[in-house]
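Tertiary structure, described
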Amino acid sequence: MSQQGYVATPPYSQAQAGMGGYSTGFGNPPPQSHYGAYGSPPQGYSAPPTGVLKPPASSPSGMPPPPVSSQYGANIQQNGAHPHSFAPPAASAPSMSPYGQPPQSVYQSMAQAPPPTQQLTNQMSSMNIAGYGQRPMQSPLSSAAPQQFQTSPPPAMGHPPTAMGHPPLSPPGQQPPSLGSPPPMATMGSMPAPPMGMTGPPGPGVHQPPLGPQGYQQQPGSPIAGPYGAQMAGPQMAGPQMAGPQTGAYPGGFPGGPSQMAGPPQKKLDPDSIPSTTQVIEDDQAKRGGQVYVTNIRGQVPPLVTTDFTVQDQGNASPRFMRCTTYSFPCTADLAKQCKVPLAAIIKPFATVPKNETPLYIVNHGETGPIRCNRCKAYMCPYMQFIDGGRRYQCGFCSCINEVPVQYFQHLDHMGRRMDLYERPELSLGSYEFIATLDYCKNNKPPNPPAYIFMIDVSYNNIKSGLVKLICEELKTLLDRLPKEEGAESSAIKVGFVTYNKILHFYNVKSALAQPQMMVVSDVAEMFVPLLDGFLVNFQESQAVINNLLDQIPDMFADTNESETVFAPVMQAGVEALKAAECSGKLFIFHSSIPTAEAPGKLKNRDDKKLVGTEKEKTLFQPQRGVYEQLTKDCVAQGCCVDLFLFPNQYVDMATMGDVPSHTGGSVYKYSNFQVEVNGQHFLSDLRRDVEKSIGFDAVMRVRTGTGFRATDFFGAVHMSNTTDVEMAAVDCDKAVTVEFKHDDTLSEESGAVMQCALLYTTIGGQRRLRIHNLSLNCSSQLSELYKSCETDALINFFAKSAYRAMLNQPLKTVRDILVNQTAHMLACYRKNCASPSAASQLILPDAMKVFPVYMNSLLKTPSLVGSTELSTDDRAFHRLMVMAMGVEETQVLLYPRLIPMHTMDVSSESIPAPVRCSEERLSESGMFLLENGLSMFLWLGQACPPDLIQNLFNVPSLGHLTAEGTSLPVLDNAHSRKLHSIISSISQQRATSMKLLIVKQKDRAEMLFRQHLVEDKGLHGGASYMDFLCYVHREIRQLLT
Ligand SMILES: [Zn+2]
């Protein structure tokens, strides 16, 4: 068997402590600090190896494997062993308001649960919230049966709807097992009691107007915009009902006890008393930063995405590739339903690997191709157990016993492990690649290298703004930097050029030509490509002709009056060109206006702010189907990814124009009111990054799981034509797919939960490969294990994506209600089952989820979900599309931006000053703060900002000399300026898109743009402050527990 392509270099040259360390005592225990954050002794050591210890006796070895079928054939059931029966979505009417639900508290049934063992009271904080002890409204949420997101996939997707949310909690009588060990938790000081004199829930449809300063503000003429507007009662509702015994045990608790709490609200609450995201991030960095994270332990929770750590793959995929919402799955579906914590993995198959980590090894099994389980088709991986002297192996996913192919035979050592364990990546690593054989190629032919087609809108606006000239100039140098295969001299990617307005112009740039030739296609209804030879070329070979063309384009259209454009025919032309060239590739479309010219896919302005806050608001975000839907299918079938660079001056129907890009693994960039001088550099940075980034084409991803659970739903820039194959015309280093899992049987603590993500794709050099990521999690019948192993950043990524998809089918209010409802349920279940008895007035949060509420509240306030007429529909749709493709790092910083005090920067140090909490309270008039969320960056200047700092950074004597808007940051030769620029550049390098720096002065109009990112404060466009939200959630929890 050929093994070329795989070179055994360190860490392979030496035997490693690795997978074998699971149960056999091999391998070093991980640094203690890996567990420090979770407050309990290491769990992983005693865990049995994943799949490896599964007794052969229990395997269905006698079962004949089902007929062998190709992995990527349509509609192949995932695991032969899995029954397809699956818990149906709960029957609750999806769009029914929770107000109408019967007041049935499932938690009541659990009131007699055995008291958990002594709780660890981490007295990390306590709250002073005297203002919220009023008589609150009966919460509609607490009494309602939990709702679910309604999923009605687009017709193209063809798979049956599956619930995204979680079914109602388990029926009465389901008692959770008692705890074995005290779970860590954050105990917050006393909070106001729930209403004592409640008179029952309001009737269906009864809306209480929002009161007081908290919560969503009511839009005129619309019902309550937010799920908790009504409940955040204002001062007039303050009453004497404050109850809940005060435990004096919590420092920093209520200063005055109940008597004070019955009074009017105190405006000044101590914000330091509630869990701080910046603190959690700092703590994790202190504990786990700078360390090597070794992936040899099943169910091990990785450091936070914000922590700087190095990964060493020893049998599980790096968290850069796969991150889970929890690393301990509940054993049964009932437990999963009870806690309502989503079970999901966020997979970024092409995640960038830092230079100090080992790149993926490539395994070449030659003509025989990768070894796969006969039954479930899982690829050879560390979870396969070799038996029978090495002649057979048992699949770690479906337990099927397979023969080892003769050429793959290897003797076993005394531990039952193959002698070549550490010489083969597929036996010892979490992630690796296989060279795919012709069986994995379209029509059994090796693929051609991909092509990039640049398609430039040359209508009046783009010519006038100077955009066309800017693009053409940039491409002359940029095309020299196309990505290339490792070790290759030049890029194999072919390039082609199209310009268009109402008609399309194709260019022949064959190297033999002295001048480029233009071919015009004016029949946009029947798009075809007028030339084959000379359209897609190698840049190096045709450089002279291409540069000639790029010089001419701006002049050719300099006098254009044409302002109308087509759009769908442009994409059609691109996909036809790739079809003709029999290759995959990417379209770079630079477009400025809504396509109104008479052509397929013509759009009209359907923006209607009157729909905001109504049942029909969702239609604003639903793409126009028809032509665009068909285009998505054509593109995906051809491996044609679409990147859209939009330069709109007004409404462009972003929801529709971004539809094809967002289903083909593409990106959408938006530069409103584009001016070369203002946004030029920002756009060029994005373009450069996009052209150069690592990417795979014509991809199909399949996620296989061990028995007992399976992948049921997928969120991302993907297309699904059946229920299991995730199709991506392309997938790049920034795109993540969020995968939800559901039980279909009981999981065993011994076997754990294993998953394997297999991505078949074409490299930029035209090689067909399989990228494999394996991950093993623990399973437990103790909910405390699940909560202990939760990952808040991954959870919020799941919630963001599921909510953003649900908002296409459900009223936004319902989506928001579900989010709040589920937050309360997850936390109430923890309180009920994992925390020891304590005063109801204490808010007790699982340690691993203690900042979850701030993220959730921030999600509710995002432009897409908030439902404000002040926000542009296109901006909201754009935000939605961006988030759908995001990984955990991106959603984390988006929902909790970094706010960095710059006036305190130490110019002699390399480090970035520690961020502070995202709240106005943290700003100071004499300060200067940098805020970034991965999409935008601001430099906020306080009114009393020291003049010498202003002088050093802007070269003007005082703040008053800075113009209000459009100020840029000059590069000056002094320590402060250099330091600030270096911080900005180091932050920019960490982010997937370039961020335009906006400089805002305190009290300027533009300050509003900055302030909307202070996520702990009340939302500018609606939405509660963190403190108010926490109070509200606490009240909900108490309702659920009574
Ligand atoms: Zn199998």
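Residues numbered from 1 in each chain as written. Predicted model: local features only at pLDDT ≥ 70, side-chain atom pairs only at ≥ 80, totals over all residues. Heavy atoms only, no water.

The record held by UniProt for the protein chain lists under Sequence similarities (unreviewed entry) the comment "Belongs to the SEC23/SEC24 family. SEC24 subfamily." (UniProt positions renumbered as here; feature names shortened; annotations may be inferred.)

Attention shifts here to the overall build of the protein chain. What the protein chain contains, in helices and strands, is 26 helices and 31 strands. Out of the 1042 residues in the protein chain, the part that is buried amounts to 62%. (Helix = DSSP H or I, 4+ residues; strand = E, 2+ residues; numbered from the N terminus. Buried < 20%, exposed > 50% of the residue type's maximum accessible area, 1.4 Å probe, protein only.)

With that settled, consider helix H11 (residues 568-580). Taking 1.5 Å per residue, 13 residues should reach 18 Å; H11 reaches 18 Å between its end C-alpha atoms and fits that length. Taken together, the buried positions of H11 are occupied by Ala568, Pro569, Val570, Met571, Ala573, Gly574, Val575, Ala577 and Leu578. (Expected span 1.5 Å × (residues − 1).)

Residues annotated by UniProt as "domain: Zinc finger Sec23/Sec24-type" (unreviewed entry) correspond here to residues 370-408. Helix makes up 0% of residues 370-408 and strand 23%, whereas the separation of the span's terminal C-alpha atoms amounts to 10 Å.

Moving on to the coordination of the zinc ion. Metal coordination angles have textbook ideals: 109.5 degrees for a tetrahedral set of four donors and 90 or 180 degrees for an octahedral set of six. At this site the zinc ion is bound by Cys373 (SG), Cys376 (SG), Cys395 (SG) and Cys398 (SG), with donor distances of 2.3 Å. Taken together, the 4 donor atoms coordinating the zinc ion and their angles of 101 to 115 degrees define a geometry best described as tetrahedral. Counting gaps between the donor residues of the zinc ion yields the pattern C-x2-C-x18-C-x2-C. Residue cysteine 398 is classed as buried on the basis of its relative accessible area of 2%. (Donors = N, O, S within 2.8 Å, 3.2 Å for Na, K, Ca; no water. Tetrahedral: all angles 85-135°; square planar, octahedral: opposite > 155°, others 65-115°.)

What the rule picks out here adds up to 32 aromatic pairs. Note on phenylalanine 454 and phenylalanine 497: the rings are 6.0 Å apart at their centroids and 25 degrees apart in plane angle, and the pair reads as stacked. Here phenylalanine 497 lies in strand S13 (residues 494-500) and phenylalanine 454 lies in strand S12 (residues 451-457), a separation of 43 residues in the sequence. What makes phenylalanine 454 buried here is its relative accessible area of 0%. On the basis of relative accessible area, phenylalanine 497 is assigned to the buried category, the value being 2%. Plain terms: the ring middles of tyrosine 787 and tyrosine 830 are 5.1 Å apart, the flat faces sit at 70 degrees to each other, and that makes the pair edge-to-face. Taken together, the residues span a long stretch of sequence, with tyrosine 787 in helix H16 (residues 783-788) and tyrosine 830 in helix H18 (residues 812-833) at a distance of 43 residues. Put simply, the rings of Phe590, Phe645, Phe647, Tyr669, Tyr671, Phe674 and Phe683 pair up and form one aromatic cluster. The ring of phenylalanine 386 carries arginine 418 above its face, with NZ or CZ at 4.8 Å from the centroid. (Phe/Tyr/Trp six-rings, centres within 6.5 Å; stacked < 30°, edge-to-face > 60°. Lys NZ or Arg CZ within 6 Å of the ring centre and 35° of its normal.)

A word on the sheet that holds strand S31 (residues 997-1001). As summarised here, the arrangement of the 4 strands in space is S28-S29-S30-S31, forming an open sheet in which the pairing is mixed. The strands lining the two open edges of the sheet, one partner per strand, are strand S28 (898-901) and S31. Shown here is a sheet whose adjacent strand axes are inclined to one another by a mean of 20 degrees, direction ignored. Across 5 bridges, strand S30 (residues 937-941) lies against S31 in parallel orientation. In the sheet register, leucine 941 faces S31, and the bridge partner there is lysine 1001. (Pairing = 2+ DSSP bridges. Axes fitted to C-alpha atoms, helices over the stretch in contact; angles between N-to-C directions.)

Another point: the environment of histidine 903. Within the fold, histidine 903 resides in the loop between S28 and strand S29 (928-932). In this structure histidine 903 comes out as partly exposed when scored by relative accessible area, which is 29%. Between the C-alpha atoms of histidine 903 and serine 926, which are 23 residues apart in sequence, the distance is 8.2 Å. Those residues within four positions of histidine 903 in sequence are excluded, and the remaining contacts are Ser924, Ser926, Gly927, Met928, Phe929 and Leu949. (Contact = heavy atoms within 4.5 Å.)

You can see valine 907 is positioned in the loop between S28 and S29. Valine 907 sits in the partly exposed class, given a relative accessible area of 36%. Valine 907 sits 68 residues away from alanine 975 along the chain, and the two C-alpha atoms are 6.1 Å apart. Setting aside chain neighbours within four positions, we find valine 907 in contact with Ala975, His976 and Lys979.

Time to look at the sheet that holds strand S4 (residues 322-324). Backbone hydrogen bonds hold the strands of a sheet together, and the pairing may be parallel or antiparallel. Spatially, the 4 strands line up as an open sheet ordered S4-S6-S24-S21, and their pairing is antiparallel. Whereas interior strands pair on both sides, the edge strands pair on one side only; in this sheet they are S4 and strand S21 (709-715). Ignoring strand direction, the axes of neighbouring strands in this sheet form an average angle of 25 degrees. One ladder, built from 6 bridges, connects S21 with strand S24 (residues 737-743); its direction is antiparallel. Counted as the bridge partner of aspartate 713 is glutamate 740 from S24. In this fold helix H17 (residues 792-806) packs onto S4, strand S6 (344-347), S21 and S24, with an angle of close to 60 degrees to the strand it touches most, S21.

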